[in-house]
Amino acid sequence: MVLHRFLCKTNIKSITTTFGVVVMLLFFMISCGGNNKEVVEVEFDPEATYTMKTTDVATLISDSGITRYRLIADEWLIFGKATEPYWYFPEGIYVEKFDTLFVAEGSIKADTAYYFTRKELWELIGNVEIKSLQGENFQTSHLFWDQKEEKMYSDKFIRIEQEDKIITGIGFESNQDMSRYKIFRSQGTFPVTDTAPVRADSAEINTTPGDTTIIQ
């Protein structure tokens, strides 16, 4: 009986001591954690902070449920929380347009590009080059492409290379497929068969394949 009582008292004392040590360790850990806690406040600027970043982009884009464009870019940043949400392509962009049968109609490339998603408006900057279905090559430094209005325009120098001539001017407007456009302050070389005088402020050109007409 004496031995049994001794063992019982020893076990209870041991358990009590172990419990006390564990409680002390927990308080110590909580205390240390509280002393080392550091709150860092990060300032979020939705206008300058992107919500997604993608590199080595090669993707297809649909319009009204139909695949119409192929987009290639080294870097694609999306600023989805900005007041006017936009995409940014700092390393340049290449866009190829397809018809309903997935045949290439033309292409656009630029050194830098923005796309404002709500407005459906592209802003292309630096060495902008467009190749149209008619085989013409358009070059300028700054171009806007309004997909809602289905038009393109620029107030910068424009160079249009056709098979038999080059047309230049300052300022430009066009429909989306570049088949009918207007050049402001027109310069450059026109077909020798066209004897009608051309005003220096503007010329409208209808690029129907096989027939080029200048309208005053």
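Because the structure is predicted, anything quoted here is derived from the model rather than measured.

Thresholds, definitions, all that
Residues numbered from 1 in each chain as written. Predicted model: local features only at pLDDT ≥ 70, side-chain atom pairs only at ≥ 80, totals over all residues. Heavy atoms only, no water. Helix = DSSP H or I, 4+ residues; strand = E, 2+ residues; numbered from the N terminus. Buried < 20%, exposed > 50% of the residue type's maximum accessible area, 1.4 Å probe, protein only. Contact = heavy atoms within 4.5 Å. Areas by Shrake-Rupley, 256 points an atom, 1.4 Å probe, with all protein chains shown as cover. Pairing = 2+ DSSP bridges. Salt bridge = Lys/Arg side-chain N within 4 Å of Asp/Glu carboxyl O.

A.B. asks: Where do I start with the overall build of the chain in this structure?
C.D. replies: In terms of helices and strands, the chain carries 1 helix and 14 strands. The buried share among the 216 residues of the chain stands at 33%. Within the chain, contacts between residues separated by at least 24 positions form 35% of all contacts whose residues are at least 6 apart in sequence. Total accessible area computed for the chain in this model is approximately 14200 Å², and 56% of it derives from carbon and sulfur atoms.

A.B. asks: How should I be thinking about the pairing of strand E8 (residues 137-146) in this particular structure?
C.D. replies: Regular strands show a simple pattern: their side chains alternate between the two faces of the sheet. Counting buried residues along E8, 7 of its 10 residues qualify, which places the element largely inside the surrounding structure. Sheet topology note: the strand E7 (residues 121-131)/E8 ladder contains 9 bridges and is antiparallel. Across the sheet, Leu124 pairs through a bridge with Leu143, a residue of E8. Note that E8 and strand E9 (residues 151-161) share 7 bridges and pair antiparallel. Of the residues in E9, the one forming a bridge with Thr140 is Ile158. Counting the residues that bridge the hairpin from E8 to E9 gives 4 residues, and of these Glu150 lies at a positive phi of roughly 55°.

A.B. asks: Is there a simple way to explain the pattern of salt bridges in this structure?
C.D. replies: Pairing between side chains of opposite charge can happen when their charged atoms approach one another. Under the defined criterion, the tally for this structure stands at 7 salt bridges. Across the pair Lys165 and Asp164 runs a salt bridge, and its minimum N-O distance is 3.4 Å. A relative accessible area of 6% means that Lys165 is categorised as buried. For Asp164, a relative accessible area of 58% corresponds to the exposed category.

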